[in-house]
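# Breakdown of the fold
For reference, the chains in residue letters:
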Amino acid sequence: MDKFLNEMEKERPIRFTDQHLRIATDNYSYLLGSGDFGKVYKGIFSDGTIVAVKVLHGLYDKKMEEQFMAEVVTIGKTHHFNLVRLYGFCLERNLIALVYEYMGNGSLDKYLFHENKTIGFERLHEIAIETAKGIAYLHEECQLKIIHYDIKP
Ligand SMILES: Nc1ncnc2c1ncn2[C@@H]1O[C@H](COP(=O)(O)OP(=O)(O)OP(=O)(O)O)[C@@H](O)[C@H]1O
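Report on the accompanying structure. (Residues numbered from 1 in each chain as written. Predicted model: local features only at pLDDT ≥ 70, side-chain atom pairs only at ≥ 80, totals over all residues.)

### Focus: the sheet that holds strand β3 (residues 38-44)
An order of β1-β5-β6-β4-β3-β2 is seen for the six strands of this open sheet, with the pairing classed as mixed. This sheet does not close on itself; its edge strands, each paired only once, are β1 (14-15) and β2 (31-34). Relative to strand β6 (residues 95-101), strand β5 (residues 86-92) runs antiparallel, the two being bridged by six bridges. Within β6, the residue paired with L86 across the bridge is Y100. Against the sheet, helix α3 (residues 62-77) touches β4 (50-56), β5 and β6, its axis set at about 155 degrees to β5. (Pairing = 2+ DSSP bridges. Helix = DSSP H or I, 4+ residues; strand = E, 2+ residues; numbered from the N terminus. Contact = placed C-beta atoms within 7 Å. Axes fitted to C-alpha atoms, helices over the stretch in contact; angles between N-to-C directions.)

Shown next as structure tokens:
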């Protein structure tokens, strides 16, 4: 694990301390949302960079370690316009977190599934193409296994 973390630090993602993230998030006072793996908070670093800090919940075990490493290895290496940047991570006994680029407009699914406004076909097509470009890049960069589904007409 230590070797992995040292490698990652050379590659790019920054290793943050618990204290650093506590200050940036103003003691986790601004909740952006929550997902399957934890809660996401807004943070601002002293240089003005706005971030989204995902605090992973659950006990630190082998499965959690694997999930964490997979995310840092894959997303941490990527630099693509259509993919959210992973700036860094925190791996301490009392805090396991991932630090992402802040997306001011929130999640895409909000627009696709929860908003009353309907998105026109052209915009939907554009989103699909740009999403596919992001996935293709990730696939190439990280040699991810992408599952191919048979789409029935
Ligand atoms: N980078 C970000 N910038 C701004 N808001 C974010 C960011 N990442 C997450 N959020 C907010 O936090 C919420 C939860 O995100 P999270 O990634 O934990 O869950 P999810 O999108 O449901 O995916 P999953 O749980 O499958 O990982 C999102 O719906 C969004 O509102």
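There's plenty left to go through after this.
### A word on the nonpolar core
Formed by 18 residues in total, the largest nonpolar core has its most connected members in L21, V51, V53, F89, C90, A97 and V99. Top element by residues in this core is β5. It accounts for five residues. Leaving out residues up to four positions away in the same chain, V99 has contacts with F16, V51, V53, Y87, G88 and F89. (Core = buried A, V, L, I, M, F, W, Y, C linked by C-beta atoms within 7 Å. Buried ≥ 20, exposed ≤ 12 C-beta atoms within 10 Å, placed from the backbone.)

### Overview of the environment of Y28
Take Y28: it is sitting in the loop between α2 (18-24) and β2. Since 16 C-beta atoms lie within 10 Å of it, Y28 is described here as partly exposed. Counting along the chain gives 27 residues from Y28 to V55, while the straight-line C-alpha distance between them is 9.6 Å.

### Here's the deal with the pairing of β3
In terms of strand pairing, β2 meets β3 through three bridges, oriented antiparallel. In the strand pairing of β3, S34 is matched with K39. In this structure, the hairpin formed by β2 and β3 is closed by a connection of three residues. Where β3 and β4 come together, seven bridges link them in antiparallel fashion. The partner of Y41 across the bridge, within β4, is V53. Taken together, β3 and the strand that follows it, β4, pair antiparallel across an intervening segment of five residues, in which G48 is found at a positive phi of about 95 degrees.

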